[in-house]
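# Breakdown of the fold
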Amino acid sequence: MNSYEYIVKQKSEGVWKLRRVMMILLYILLPLAFAGTFLALKLPAVITFLPLLEWMLIFFTWRYVSPEYEYSTLSGEITFTTIYGGRTRKKLFTVNIRDFHKIAPYDEAAEAYVTAQKCTRDFRCMSSLQAPDLYYGIFMLEDEKCVVYFEATEKALKIMKYYNIGTVVVPTEK
């Protein structure tokens, strides 16, 4: 019961869908611009390298429009990480579970509560705002009030409740 990790993939909706469309447009327009420039400069041989450059562009940039979010608990601490393209990991933060002021399901009432808290930073570590098991947690990080949105599983909630029984809200079964 001491350690647990969970990974969720960002859904392609809203700003993430826009970013993907913009990236695809870049993949189309950039090679056309290079080809036009090289033809205008009478350097058609350079165009043979465009497929390689296109592959490199896609390989090094697509990962940033398809992130995954991981949270893992170990010995009472929870670490949130962004994983880009299944390869590159960026640790967002680590916080002691006891330092959370509140962990609860995110719904309309919670939206008003979180807004009233006037958090200076928010971390979005979920697939979508419409995710069925969406939770939020409010905590202090380096003298800043922060909120994290994440998808909580039953096992994760049990671990969080174990370390911080007074602040974890678990919905009752209907």
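Residues numbered from 1 in each chain as written. Predicted model: local features only at pLDDT ≥ 70, side-chain atom pairs only at ≥ 80, totals over all residues. Heavy atoms only, no water.

Take the overall build of the protein next. On a plain count of helices and strands, the protein comes out with four helices and eight strands. Going residue by residue from the N terminus, the α and β elements of the protein occur as β-α-α-β-β-β-β-α-β-β-β-α. For the protein, the C-alpha radius of gyration of 21 Å lies well beyond 16 Å, the compact-globule estimate for 174 residues. Judged by the C-alpha coordinates and their principal axes, the protein covers about 70 × 35 × 30 Å. A burial count over the protein gives 39% of its 174 residues as buried. Carbon and sulfur atoms make up 61% of the accessible area of the protein, which totals about 10,700 Å². Charge separation in the protein, taken as the distance between the mean sites of 21 positive and 18 negative side-chain charges, equals 5 Å. (Helix = DSSP H or I, 4+ residues; strand = E, 2+ residues; numbered from the N terminus. Rg over C-alpha atoms; globule rule 2.2 N^0.38 Å. Buried < 20%, exposed > 50% of the residue type's maximum accessible area, 1.4 Å probe, protein only. Areas by Shrake-Rupley, 256 points an atom, 1.4 Å probe, with all protein chains shown as cover. Lys, Arg positive; Asp, Glu negative; His and termini not counted. Charge placed at Lys NZ, Arg CZ, Asp CG, Glu CD.)

Now for the confidence of the model for the protein. Per-residue pLDDT for the protein has a mean of 89; in total, 98% of the residues score no lower than 70. Per-element mean pLDDT across the protein ranges from 88 in helix α3 (residues 108–117) up to 95 in strand β3 (residues 77–84). (pLDDT = per-residue confidence, 0-100.)

This next bit is on the nonpolar core. In terms of nonpolar packing, the biggest core is built from 27 residues, with Tyr 71, Phe 139, Val 148, Phe 150 and Met 160 touching the most fellow members. Of the residues forming this core, the biggest block, five residues, is contributed by helix α4 (residues 154–163). In this structure Tyr 71 touches Tyr 4, Glu 5, Tyr 6, Ile 78, Thr 79, Phe 80, Phe 150, Glu 151, Ala 152, Thr 153, Ala 156 and Met 160, once residues within four positions along its chain are discounted. Counting 10 residues, the second-largest nonpolar core is a separate cluster that includes Ala 104, Ala 110, Ile 138 and Tyr 149. (Core = buried A, V, L, I, M, F, W, Y, C linked by side-chain atoms within 4.5 Å. Contact = heavy atoms within 4.5 Å.)

Attention now moves to the sheet that holds strand β4 (residues 88–96). Judged by pairing direction, the sheet is antiparallel, and its four strands sit side by side in the order β1-β2-β3-β4 without closing on themselves. Of all strands in the sheet, those bounded by a partner on one side alone are β1 (3–9) and β4. Each strand axis lies, on average, 15° off the axis of its neighbour in the sheet, ignoring direction. With seven bridges joining them, β1 and strand β2 (residues 67–74) adopt antiparallel strand pairing. Counted as the bridge partner of Tyr 4 is Thr 73 from β2. Sitting on the sheet, α4 touches β1, β2 and β3, and the angle it makes with β1 is about 135°. (Pairing = 2+ DSSP bridges. Axes fitted to C-alpha atoms, helices over the stretch in contact; angles between N-to-C directions.)

On to the environment of Ser 66, then. Within the secondary structure layout, Ser 66 lies in the loop between α2 (50–61) and β2. Its relative accessible area of 9% is what places Ser 66 among the buried residues. Through-space distance from the C-alpha of Ser 66 to that of Arg 20 is 8.2 Å; in sequence the pair is 46 residues apart. Here Ser 66 is in contact with Lys 9, Arg 20, Ile 83 and Gly 85, once residues within four sequence places are set aside. Reaching out from Ser 66, the side chain makes a polar contact with the backbone oxygen of Trp 62 at a distance of 3.3 Å. (Polar contact = N/O pair within 3.5 Å; in protein donor to acceptor, adjacent residues only side chain to side chain.)

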